[in-house]
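Examining the three-dimensional arrangement
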Amino acid sequence: MSDLEQADLYLENHLLLSDGAARELCGALLARAEEGSWRAVRRLIALSLEKRPGTVPERVTGRAVALLEEAASAGHVEAMTLLGSLCRDGHLVHRVAEHAEDWLGRAWEKGGTDAGCELVEMHWAGRRTPPKMKELCLGAIADMCAGDCARAHALKARMIAAEAAGQPLSAEDRVRVESLLRRAARLGLQEPFARHAVGLLVNARGRAERERCLSLVMDPCLADWKLLPVQKGLLRLSGMDGRAPDAEAGLALLAEAARAGTGRACGMLAGIWLHGLYTVPKDLEKGAEWLAAGWERHDPRSVMYLALDRTGYFGGSLPMDNPLAGQDTAVWVQWCLDRRDMLARALAGLRMGTCRDMEGNPTHNDDREYAGQLCDHGSWLVSDALRAAMTSLNAGIAAYLADAFAEMTDFETGPFLAESAAHNAALTPRRSCAELQAYCLSLCERLGSPVIPSRNIALSEIS
């Protein structure tokens, strides 16, 4: 097996390597990259982004970025697109919006449709977008859809939903959105269609609507979606698949996905056992076992739980040798935030914003100064996680997050959660809006506190 093939398997968690073996693989890939292999450069960048700190040596990452910049300067379209994305997000390089636009613009001019989608996303802001820019964005997306760009189809569906501005989609627009998302899924981009289908299912009312939504979740275009077993497991746990909740069957499906290499399933299983969710009895030992599996698979949510354990989140009772012992917890928290896992981001906000454990007791740890510095930032992160749920049209998840954090803290972050939910309610179907707004008002009443205006931080500004 070649080192490139090993890297592919390692990235998908179908191959588990010790940190030492992973560093050896990175050395071999760097040798290939120095000989001019673009595939090796691309995999080194992917490994640097996806794997835990220390897995890819800093010198290797630095050299890979330098080779990426050389390829971009030489006019390599994929390199320009990737470098533009890194500049936009501030990953591995400094975040500079002007540099991002420059690299993405050059790639688009040379036919890079992914770069075109990146640019449209940077400039599209729904009703706040200047008319001329909106016209340009719509024209660009239409051109890319004509060329069967999967991401363009998904982005056009988002634009149609955003234009509804909180109103229920008309029957015609709903068909258009689902057709675009299905087309994107058939072209290989399945997650947007899956998120849409599950979001509808969460908010379904009545047997007929629920059955229609279930048919979307089980659509053939999602048959080979790698997270489908995870989704099926959650549906079985919650009973949202139209049958009575079945904890045993749901856990079995998640465990099967985890053993197949899906790191996210490990983090979900850990959370279920650690918190005692879905009628599953709380079991810290089983939770710790799945955290260890998630650590091996570089799962951000699992790493986030381990980082929180270091700061007293579980009251020092997690029955395992924490691999983060003796390390700078702040570095690991930041790594989790950069991975864009919604719950990891929310957990970080909870921890930073309240400095309390699961029982609401003050924590005592060596990171108090760091946590204090980021106390306000933590509240932004909690609101941002909620905003991410709302943006995906999943009001059910948003309400769950708000309720969970209100129960798990001393309510210091509650007003932020309530305001964020109310502020973003226009992004969900109207029926869910009304329910969520009523919930937010009741939450504020319970807190005995007025709604605090959010900082309105965009996802791109935090990630």
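Residues numbered from 1 in each chain as written. Predicted model: local features only at pLDDT ≥ 70, side-chain atom pairs only at ≥ 80, totals over all residues. Heavy atoms only, no water.

Let's shift gears to the overall build of the chain. Assigned secondary structure in the chain consists of 25 helices and 0 strands. Put simply, the chain has 463 residues, and 51% of those count as buried. Counting only contacts in the chain whose residues sit at least 6 apart along the sequence, the fraction spanning at least 24 positions is 61%. (Helix = DSSP H or I, 4+ residues; strand = E, 2+ residues; numbered from the N terminus. Buried < 20%, exposed > 50% of the residue type's maximum accessible area, 1.4 Å probe, protein only. Contact = heavy atoms within 4.5 Å.)

What follows is about the confidence of the model for the chain. With 69% of its residues at a pLDDT of 70 or more, the chain shows a mean pLDDT of 75. Mean pLDDT values over the elements of the chain span from 24, in helix α25 (residues 459-462), up to 96, in helix α4 (residues 58-73). Taken together, the stretch residues 364-380 has pLDDT below 50 and engages in 24 contacts with residues farther than four places along the chain or on a different chain. (pLDDT = per-residue confidence, 0-100.)

The topology assignment puts His153 in helix α9 (residues 150-163). With residues up to four places along the chain from it excluded, the contact list for His153 reads Cys145, Asp148, Leu180, Arg183, Ala184 and Leu187.

Of note in the backbone geometry, Leu92 takes a positive phi value of approximately 70° without being a glycine. Counting through the fold element by element, Leu92 comes out in the loop between α5 (77-89) and α6 (97-109). For Leu92, a relative accessible area of 34% translates into the label partly exposed.

By size, the foremost hydrophobic cluster in this structure holds 58 residues, and its most contacted members are Val230, Leu254 and Trp290. Counting residues per element, this core draws most heavily on helix α15 (residues 263-275), at 8 residues. If near-sequence neighbours (up to four positions away) are discounted, Trp290 is found in contact with Ala255, Ala258, Arg259, Cys266, Leu269, Ala270, Trp273 and Ser302. Among the nonpolar cores identified, the runner-up in size contains 37 residues, and Cys26, Val65, Ala71 and Trp103 belong to it. (Core = buried A, V, L, I, M, F, W, Y, C linked by side-chain atoms within 4.5 Å.)

The end-to-end C-alpha distance of helix α3 (residues 38-50), which contains 13 residues, comes to 18 Å, matching closely the 18 Å that a straight helix rising 1.5 Å per residue would cover. Among all positions in α3, only Trp38, Ala40, Val41, Arg43, Leu44, Ile45, Leu47, Ser48 and Leu49 are buried. On its buried side, α3 packs onto α1 (3-11), α2 (19-34), α4, α5 and α18 (329-338). (Expected span 1.5 Å × (residues − 1).)

Attention shifts here to the side chain of Asp309. Relative to the assigned elements, Asp309 resides in helix α17 (residues 300-310). Those residues in contact with Asp309, other than ones at most four positions away along the chain, are Phe314, Leu318 and Asn322.

All right, on to the pattern of salt bridges then. Counted by the stated rule, this structure contains 21 salt bridges. A salt bridge links Asp8 to Arg43, with the shortest nitrogen-to-oxygen separation between them at 2.8 Å. Residue Asp8 is located in helix α1, and its partner Arg43 is located in helix α3; the two are separated by 35 residues in the primary sequence. Using a relative accessible area of 8% as the deciding quantity, one classes Arg43 as buried. (Salt bridge = Lys/Arg side-chain N within 4 Å of Asp/Glu carboxyl O.)

A few words on the packing of α1 against α2. Working note: a packed helix pair is described by the angle between its axes plus the distance between those axes. Two numbers describe how α1 lies on α2: the axes approach to 10 Å, and their chain directions differ by 130°. Our classification of the angle between α1 and α2 gives oblique. Crossing handedness for the pair α1 and α2: left-handed. Only Ala22, Leu25, Ala28, Leu29 and Arg32 of α2 make contact with α1, whose side of the interface consists of Asp3, Leu4, Gln6, Ala7 and Tyr10. (Axes fitted to C-alpha atoms, helices over the stretch in contact; angles between N-to-C directions. Parallel < 35°, antiparallel > 145°, perpendicular 65-115°, else oblique. Left-handed = near helix turned anticlockwise from the far one by under 90°.)

Turning our eyes to something else, we now look at the packing of α5 against α6. Closest axis-to-axis distance for the α5/α6 pair is 8 Å, and the angle between their directions is 160°. By the criterion of interaxial angle, the relationship of α5 to α6 is roughly antiparallel. At the point where α5 passes α6, the crossing takes the left-handed sense. Two secondary-structure elements touch here, α5 through Val77, Met80, Thr81, Leu83, Gly84, Ser85, Cys87 and Arg88 and α6 through His99, Ala100, Trp103, Leu104, Arg106 and Ala107. For the contact of α5 with α6, the per-class residue count stands at 8 nonpolar, 4 polar and 2 charged. (Nonpolar A, V, L, I, M, F, W, Y, C, P; charged D, E, K, R; others polar.)

Taken as a whole and assessed by the stated rule, the structure comprises 2 aromatic pairs. Ring centres of Trp295 and Trp332 lie 5.4 Å apart, and the angle between their planes is 45°; this geometry places the pair in the tilted category. Taken as a pair, Trp295 in helix α16 (residues 284-296) and Trp332 in helix α18 lie far apart in primary sequence, 37 residues in all. With relative accessibility at 15%, the residue Trp295 sits in the buried group. Residue class for Trp332 comes out buried when judged on its relative accessible area of 5%. Relative to Trp335, the ring of Trp332 has its centre 6.5 Å away and its plane inclined at 70°; by these criteria the two rings are edge-to-face. With Trp332 and Trp335 both in helix α18, this residue pair falls 3 residues apart, about one helical turn. The exposure classification of Trp332 matches that of Trp335, with both residues buried. Here a set of aromatic residues connected by ring pairs shows up, and it is made of Trp295, Trp332 and Trp335. Above the face of the Tyr10 ring, Lys51 is positioned so that its terminal group lies 4.4 Å from the ring centre. (Phe/Tyr/Trp six-rings, centres within 6.5 Å; stacked < 30°, edge-to-face > 60°. Lys NZ or Arg CZ within 6 Å of the ring centre and 35° of its normal.)

Our focus in this paragraph is the environment of Glu211. Within the secondary structure, Glu211 is located in helix α12 (residues 207-217). Its relative accessible area of 44% is what places Glu211 among the partly exposed residues. In the structure, Glu211 is positioned 10 residues away from Leu201 in sequence and 8.7 Å away in space, judged by C-alpha atoms.

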